[in-house]
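A look at the structure
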Amino acid sequence: MYDVMPIMINVKQKECLVVGGGKIAERKISSLMDAMANIKVISPKVTVQIKHWHNEGKLQIYKKNYDVSQIGKPFLIIAATDQSQVNLQVYEDAKKRNILVSIVDRPDYSDFIFPASFKRGKLQIAVSTSGASPIVARTIKKDLEKQYGDDYEIYLDFLGEFRSFVKKTIHDTKQRQALYKEIMDLDILRLIRIGKFHSFQKELYKRLKDPDYKYNGNINC
Ligand SMILES: C[C@@]1(CC(=O)O)c2cc3[nH]c(cc4nc(cc5[nH]c(cc(n2)[C@H]1CCC(=O)O)[C@@](C)(CC(=O)O)[C@@H]5CCC(=O)O)C(CC(=O)O)=C4CCC(=O)O)c(CCC(=O)O)c3CC(=O)O
Ligand SMILES: NC(=O)C1=CN([C@@H]2O[C@H](COP(=O)(O)OP(=O)(O)OC[C@H]3O[C@@H](n4cnc5c(N)ncnc54)[C@H](O)[C@@H]3O)[C@@H](O)[C@H]2O)C=CC1
């Protein structure tokens, strides 16, 4: 429906402005909060949950109707009021200032839209129908949630650490790639599932950290 492409965006500690404080704003705020954004909400009314987040010091609220004088210089803006005119005004104000903007009732004007997504530690899976049917995006997400369990968190923590370690210690690119391939072939997910992962990990690092160790195309774990 809309010509969009997936990217993973870093909003950590960047100011993100949400105009509106209803159910939909709450959902978008929850995603921003997971990504550790610095959130500012402008809305005369907010949901109980948004108020609660405010009381916990997780976001700022300006309890008023949107006005361009409050826009500031945020990294991005989400217009989520139930007033389409207000949302369009936010869009125009954002465009004049070259600020990324998403309008919940006008995906056709939006610089970005939200996929249905979930996390397993460092693994994030996001599903989009390019705006055609958010419910289908959600349904597919729910199916994937069943397929990708908590073991992926351990798996990716391990692979993330392992890659950093190997990048520092093995300087030959071809050897590094051979090692990654070998690790993938070991089916670590299975080791996690059968409770043999920790002993494997210990043995692997013992070997790799041995000053006399030289990778010869076979880790032998
Ligand atoms: C384009 C997009 C822009 C954006 O919001 O970013 C958009 C737009 C619109 N949504 C509408 C309606 C609904 N949206 C949901 C739910 C979700 N909507 C989400 C994303 C997106 N919604 C983006 C595209 C995503 C994609 O790529 O497919 C999800 C995935 C993520 C999230 O919100 O964070 C989240 C599920 C989260 C989860 O469960 O994981 C439900 C279901 C419900 O709420 O129970 C309904 C009611 C049923 C229905 O209408 O289908 C309307 C019509 C309003 C009207 O008719 O007035 C518009 C406006 C329009 O289409 O013009
Ligand atoms: N993108 C999406 O996923 C979806 C989008 N929508 C759209 O989102 C809109 C909002 O839906 P809800 O959150 O359910 O509505 P809601 O009625 O729960 O909340 C509306 C919020 O807008 C605020 N508001 C109204 N006028 C304002 C102004 N001038 N300045 C600042 N804030 C103002 C209100 O105080 C309230 O907090 C709907 O009208 C619909 O078009 C609806 C469903 C899903």
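Residues numbered from 1 in each chain as written. Chains lettered and ligands numbered in written order. Predicted model: local features only at pLDDT ≥ 70, side-chain atom pairs only at ≥ 80, totals over all residues. Heavy atoms only, no water.

1. Some remarks on the site of ligand 2
As a reminder, the rule being used: Here a residue is considered near a molecule or strand provided that any single heavy atom belonging to it is located within 4 Å of it. Nitrogen and oxygen atoms within 3.5 Å of one another constitute a polar contact, given that in protein one can donate a hydrogen and the other can accept it, and given that sequence-neighbouring residues count only through two side-chain atoms. For accessible areas, the Shrake-Rupley method is used with a probe of radius 1.4 Å. Any residue's cover is judged against the shown protein chains and nothing else. By the criteria applied, helices consist of DSSP H or I runs no shorter than four residues and strands consist of E runs no shorter than two, each listed in order from the N terminus. Note on residue classes: Ala, Val, Leu, Ile, Met, Phe, Trp, Tyr, Cys and Pro are nonpolar, Asp, Glu, Lys and Arg are charged, and everything else, Gly too, is polar.
The full set close to ligand 2 counts 21 residues, and Gly 21, Ile 24, Arg 27, Lys 45 and Tyr 66 are the nearest of them. At a separation of 3.5 Å, an oxygen atom of ligand 2 approaches a polar side-chain atom of Asp 82. In isolation ligand 2 offers 870 Å² of accessible surface; the protein chains occlude 71% of this area. Here the shell around ligand 2 gets four residues from one element, more than from any other, and that element is helix α1 (residues 23–34). Residues that form the shell around ligand 2 fall into these classes: eight nonpolar, seven polar and six charged.

2. Describing helix α8 (residues 197–209)
Note the following rule: Multiplying 1.5 Å by the residue count of a helix minus one yields the expected span of that helix. Summary of the burial criterion: residues with accessible area below 20% of their type's maximum are buried, those above 50% are exposed, and those between are partly exposed, where the area comes from a 1.4 Å probe applied to protein chains only. This arc corresponds to the set of directions leading from the helix axis out to the C-beta atoms.
Its 13 residues give α8 an end-to-end C-alpha distance of 18 Å, which sits within 8% of 18 Å, the value for a rise of 1.5 Å per residue. Taken as a whole, α8 has its buried residues at Phe 197, Phe 200, Gln 201, Leu 204, Tyr 205 and Leu 208. Taken around the axis of α8, the buried residues stretch over an arc of 125°, which confines them to a single face. Exposed side of α8, more than 90 degrees from the buried face: His 198, Ser 199, Lys 202 and Lys 206 are the residues found there.

3. Examining the UniProt feature "domain: Siroheme synthase central" (unreviewed entry) in the protein chain
The test is simple: UniProt positions are given in the numbering used here, feature names are shortened, and annotations may be inferred rather than shown by experiment.
Under the local residue numbering, the UniProt record ascribes the feature "domain: Siroheme synthase central" (unreviewed entry) to residues 120–147. In this annotation, residues 120–147 is assigned 50% helix and 21% strand; the end-to-end C-alpha distance for the span is 11 Å.

4. Considering the site of ligand 1
This is how the line gets drawn: The split into domains, and so the bounds of each, comes from an automatic or database assignment of domains.
Ligand 1 sits among 16 residues. The nearest are Lys 28, Ser 128, Thr 129, Arg 138 and Lys 141. Here an oxygen atom of ligand 1 sits 2.7 Å away from a polar atom, N or O, in the main chain of Phe 114. In the model, an oxygen atom of ligand 1 is placed 2.5 Å from a nitrogen or oxygen of the Ser 128 side chain. Expressed as a share of its isolated accessible area of 1,100 Å², the protein-covered part of ligand 1 is 67%. Within the residue set of the shell around ligand 1, elements represented by two or more residues are α1 and α4 (134–147). Among the elements that line the shell around ligand 1, the one with the most residues is α4, at four residues. Considered class by class, the residues forming the shell around ligand 1 number eight nonpolar, four polar and four charged. Built from parts of two domains, the shell around ligand 1 gets at least three residues from each of domain 1 (1–114) and domain 2 (115–148).

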